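Residue strings, one per chain:
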Amino acid sequence: MSEEKKTGVIPVWQGAVILTLCALWPVLDFGVRNMTDQDFRPPRLLFYFLIFLAAGFAAGFGLKFLLRQRGAGAAFMLAGIGVFAVLNYYLISGALQQVPGLGNYALIGLLLFILLLAGASALFVWPRTQPVIPALAIAMLFGLGAVTLQNSFALGRHLFFTEAGRSSLSEVALRSDKWPSDPAALNENSHYKGAADAAPPNIYYILPDMLMGAREFEAMTGAVYEMDEILEKRNFKVLDHYYSNAPITRLSLAHVFGADYFADKDTTLTNDLIRNLPWRDGGGVYQTLRRRGYNIFYFVDTYVNPDCAPLADYCYTKKNFFDAQDLIFLERTPFFEMLTASGSTLAPVWRRLMKYPYYFEIPEILNTLPKKGASPSFTYLHFGLPHSPYRFDEKCEYYDAYPPIREDKLNGSIQAYVKQVKCAEKMYSRLIDQILKNDPDAWIIFQADHGVNYYGQSTGENIMTLSEEQVAQNLSIMGAYRLPERCLDTIPEDMSPVNTFPVLLACLDGRAPDLKPAHHYLMYYLSWQPDGQVRDVTEIIRARADHLK
């Protein structure tokens, strides 16, 4: 045996390569696991790699002084093991969460993590392990090298040889600091040229993400639904049997803002088709409103991916260095787990919300809403309430909703949803009251985008076999209109959301709307359902609506 192996000294280059691979492989693994996500931002992967590589080398130089007998190579190798352990901590945490009745799994996980690092460190310090170190280094080089090449190939193939991958490389990163965010714009006459007393009304489109309609909500949960009564008391016309055209946000809003159907049962969804659909940019709706002199204001919280329409005069935003992908990546590490390990009942909630760096709740924007002025405005408000993450109880106080969900996914999710809906009823009451206080003559559309999805039907294997009840729960939405009586009379009970803006624009023009017949489809993101299936469920929805009348 060589003198090098007897003393346990390994070459510096081997230690440096091991450290590099230990920082690179977890980043690539994260990329492979998240590359089909609609908000995947591959350039950020390089940022993650460089940060942890720099931290690893800094730790390596510090360890060099503690492992003088082993040398710099061993120090870099140990630092690499530490980086690797930190970036794969989620494996420990995930395994412990599956153990029923474990109690404070976060604290147990952190203790195991510390013990594993201590064991690895002892391997480098204990004299009898000296001959093992070079052999371990060679094994790590081959093992890490192989899986790194595998992940590099998988990620590279996706980014450069698939439609979705090339799209994620080409899309511009979210730059909320470039958005028009001066609140003064909320009360400026920017586009209207007519007389103030002849200005058209201010319009508010409120989107309560994932808020079901009363009938399907009560049938699913057995709980009392009050949102319809709340709206009716404020002179809204509530549509009792209202169903979305599609069961996910982007595809639902594409029907609403596009005012047309873009698919049928013979359509196969593709990334190009989905990416080019109108949704929150408004299709031709915003251009039409702008020609009429409307300001366009945007309030979109981070639970539903914040953005800013190109024609918007103001977009509400919070400043934050991190974006959602950064914080999802940090979920791999023990950093967030330290919050949970504290034992605080609110710590899991804050940990969950930290994954949404730009999030805001309804009370935060009440004093920012536009007031009635000389310039008409169209204000789009999209809130992730009652959408997950579940965070509110019936009193709108934060609580940890997820232990019951881990025990029983279906019933736990329904219980959490009911509580969040009860909070949503309170929150949206405050929002609407504030709008009407600022502008008693405001026209308001209160319309959700889709229902709930608690049966695992987001995969292609069972999209064609969902029961009538499951289909209806996917598509059930709250829909209500606060318009002049002459316009409300033109809205039939079985109206489809695809007619939302035809009704609104016809009301502005003082004419009857040209309504399209109702059609309803199951279709999902390709990351959920790669084969792009579309299922026409129009007849199921019609029968379901008749059944619940």
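Notes on the structure in this doc start here. (Residues numbered from 1 in each chain as written. Predicted model: local features only at pLDDT ≥ 70, side-chain atom pairs only at ≥ 80, totals over all residues. Heavy atoms only, no water.)

### Remarks on helix α19 (residues 468-475)
With respect to burial, α19 is a largely interior element, six of its eight residues being buried. Turning to α19, its buried residues number three or more, namely Q470, V471, A472, Q473, N474 and L475. If you follow the buried residues of α19, they end up packed against α9 (214-221), β8 (521-522), β9 (535-536) and α22 (538-548). (Buried < 20%, exposed > 50% of the residue type's maximum accessible area, 1.4 Å probe, protein only. Helix = DSSP H or I, 4+ residues; strand = E, 2+ residues; numbered from the N terminus. Contact = heavy atoms within 4.5 Å.)

### Focus: the environment of A416
In this structure, A416 sits in helix α18 (residues 409-438). Separated by 15 residues in the primary sequence, A416 and A401 have C-alpha atoms spaced 6.0 Å apart. With residues near it in sequence (within four places) discarded, A416 still touches Y390, Y399, A401 and I405.

### With respect to the nonpolar core
In this structure, Y286, Y380, Y417, Y428, L431, F446 and L483 are the most contacted members of the largest nonpolar core, which totals 93 residues. Sorting elements by how many residues they give to this core places α18 first, with 13 residues. Excluding anything up to four places from it in sequence, Y428 contacts I206, L207, P208, D209, M227, I362, F383, L385 and F446. By size, the runner-up hydrophobic cluster in this structure holds 30 residues, among which are A75, V83, V86 and L87. (Core = buried A, V, L, I, M, F, W, Y, C linked by side-chain atoms within 4.5 Å.)

### Considering the sheet that holds strand β5 (residues 377-383)
The strand order across the open sheet built from seven strands is β2-β7-β6-β1-β5-β3-β4, with neighbouring strands paired in mixed fashion. Only two strands of the sheet have a single neighbouring strand rather than two, namely β2 (237-238) and β4 (314-315). As paired strands, β2 and strand β7 (residues 479-482) are joined by two bridges and run antiparallel to one another. Bridging from a neighbouring strand, K237 pairs with Y481 of β7. Helix α11 (residues 249-258) contacts β1 (203-208), β5 and β6 (443-447) of the sheet and is inclined by roughly 160° relative to β5. (Pairing = 2+ DSSP bridges. Axes fitted to C-alpha atoms, helices over the stretch in contact; angles between N-to-C directions.)

### As for a nonpolar patch on the surface
A cluster of nonpolar side chains, contributed by I108, L112 and L115, occupies part of the molecular surface with about 250 Å² of accessible area. Looking at where L112 falls in the secondary structure, it is placed in helix α6 (residues 105-125). (Patch = residues over 30% accessible without salt bridge, like charges linked within 9 Å, V, L, I, M, F, W, Y side chains within 5 Å. Areas by Shrake-Rupley, 256 points an atom, 1.4 Å probe, with all protein chains shown as cover. Salt bridge = Lys/Arg side-chain N within 4 Å of Asp/Glu carboxyl O.)

### Focus on the pattern of salt bridges
Applying the stated rule across the entire model yields 16 salt bridges. Residue R290 is joined to D313 by a salt bridge in which the shortest nitrogen-to-oxygen separation is 2.8 Å. Here R290 is found in helix α13 (residues 285-291), whereas its partner D313 is found in the loop between β3 (295-300) and β4, with 23 residues between them in sequence. Of the two residues examined, R290 and D313, each falls in the buried class.

### Concerning the packing of α19 against α22
For the pair α19 and α22, the least separation of the axes is 10 Å and the interaxial angle reads 90°. In terms of orientation, α19 and α22 fall into the roughly perpendicular class. Note on element contacts: α22 touches α19 through I540, I541 and R544, opposite E468, E469, V471, A472 and L475. Split into classes, the residues belonging to the contact of α19 with α22 amount to five nonpolar, no polar and three charged. (Parallel < 35°, antiparallel > 145°, perpendicular 65-115°, else oblique. Nonpolar A, V, L, I, M, F, W, Y, C, P; charged D, E, K, R; others polar.)

### Structural notes on the side chain of R332
Structurally, R332 is set in the loop between α14 (324-330) and α15 (335-341). A polar side-chain atom of R332 sits 3.0 Å from a polar atom in the side chain of D29. Discounting residues that sit within four places of it in the chain, R332 has contacts with P26, D29, F30, R33, V86, L87, N88, Y89 and Y90. (Polar contact = N/O pair within 3.5 Å; in protein donor to acceptor, adjacent residues only side chain to side chain.)

### A few points about the pairing of β6
Counting buried positions along β6 gives five out of five residues, so the element sits mostly inside the fold. Alternating residues of β6 divide into W443, I445 and Q447 and I444 and F446, and every residue in both groups is buried. Examined bridge by bridge, β1 and β6 share four bridges and lie parallel to one another. Looking at the pairing, Y204 lines up with I444 of β6.

### Let's talk about unusual backbone geometry
Between L385 and the following residue, P386, the backbone shows a cis peptide bond with an omega angle of 15°. Within the fold, P386 resides in the loop between β5 and α17 (402-407). For the bond from S388 to P389, the omega torsion is 10°, close enough to zero to count as cis. Within the secondary structure, P389 is located in the loop between β5 and α17. Although it is not a glycine, A259 sits at a positive phi angle of roughly 55°. Along the chain, A259 turns up in the loop between α11 and α12 (271-275). Even without being glycine, C396 reaches a positive phi, approximately 65°. Mapped onto the elements of the fold, C396 is located in the loop between β5 and α17.

### Quick notes on the packing of α9 against α18
One can describe the packing of α9 onto α18 by two numbers: an axis separation of 11 Å at closest approach and a directional angle of 140°. Comparing their axes, α18 and α9 come out oblique. Of the two possible hands of crossing, α9 and α18 adopt the one that is left-handed. On α18, the residues that touch F217, M220 and T221 of α9 are I414, Y417, V418 and V421. Class assignment of the residues belonging to the contact of α9 with α18 gives a composition of six nonpolar, one polar and no charged. (Left-handed = near helix turned anticlockwise from the far one by under 90°.)

### Considering helix α21 (residues 500-509)
Of all ten residues in α21, seven are buried; the element is thus mostly enclosed. When α21 is considered as a whole, its buried residues turn out to be T500, F501, V503, L504, L505, A506 and C507. In the segment just after α21, G510 is the residue with positive phi, at about 75°.

### Section: the state of the cysteines
All chains considered together, the criterion is met by three disulfides. Each sulfur of the disulfide joining C308 and C315 lies 2.1 Å from the other. Taking the torsion about the sulfur-sulfur bond, which here is approximately 80°, the covalent link between C308 and C315 counts as right-handed. Here C308 and C315 have matching classes, each one buried. (Disulfide = S-S within 2.5 Å.)

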